[in-house]
Amino acid sequence: TELRSIMGVELSILFHELENGGLRCSMRGKGRVDCSALAGQFGGGGHLNAAGYKAPGKPYDAHREEILAAARLA
């Protein structure tokens, strides 16, 4: 929630690298970006202002860039 309190921030995405490879992604928004729809593009879910998913086994750096690219379009 602290990241969303920064002026101009409408979406925060936290990435956590999994021990077995891949990542876990957690999204928090303020309403303009539908976090559930964004996470749904990658097999996850949640609701309008909070969502996430896990992507085990995917290359961390490449997948992180894919998520960020999708977020820029949201």
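Per chain, the residues get numbers from 1 upward, laid out in the order the sequence is written. Owing to the predicted nature of the model, reporting of local features is limited to residues with pLDDT of at least 70; listing and counting of side-chain atom pairs is limited to 80 or more, with chain, interface and lining totals taken over all residues. Excluding hydrogens and water, the side-chain figures rest on all heavy atoms present in the structure.

Turning next to the nonpolar core. If you look at the biggest cluster of nonpolar residues, it comprises 15 residues, and the most contacted ones within it are Cys25, Met27, Tyr53 and Ile67. Of all the elements in the fold, those that place two or more residues in this core are strand 2 (22-29), helix 1 (35-40), strand 4 (50-56) and helix 2 (60-73). Per-element accounting of this core gives the leading share, four residues, to helix 2. By definition in these notes, contact holds between two residues if any of their heavy atoms fall within 4.5 Å. Once residues lying within four places of it in the same chain are set aside, the contact partners of methionine 27 are Leu11, Ser12, Ile13, Cys35, Leu38, Ala39, Asn49, Ala50, Ala51, Tyr53 and Ile67. The set of buried Ala, Val, Leu, Ile, Met, Phe, Trp, Tyr and Cys residues whose side-chain atoms join them within 4.5 Å is what this entry labels a nonpolar core. The classification of residues rests on relative accessible area computed with a 1.4 Å probe and restricted to protein chains. Under 20% of the type maximum is buried, over 50% is exposed, and intermediate values are partly exposed. Helix numbers and strand numbers start at the N terminus; a helix is a DSSP run of H or I with at least 4 residues, a strand a run of E with at least 2.

Our next topic: the sheet that holds strand 1 (residues 11-17). Being paired, for any two strands, means DSSP has found at least two bridges between them. In space, the four strands of this open sheet follow the order 1-2-4-3, with antiparallel pairing throughout. Looking along the sheet, the strands with just one partner apiece sit at the ends: strand 1 and strand 3 (45-47). Strand-to-strand twist in this sheet, taken as the mean axis angle between neighbours without regard to direction, amounts to 10°. As paired elements, strand 3 and strand 4 share three bridges and run antiparallel to each other. Across the sheet, residue glycine 46 finds its bridge partner in strand 4, namely alanine 51. Fitting a line to C-alpha atoms yields each axis, with helices limited to the stretch in contact; the angle taken between N-to-C directions then spans 0 to 180 degrees.

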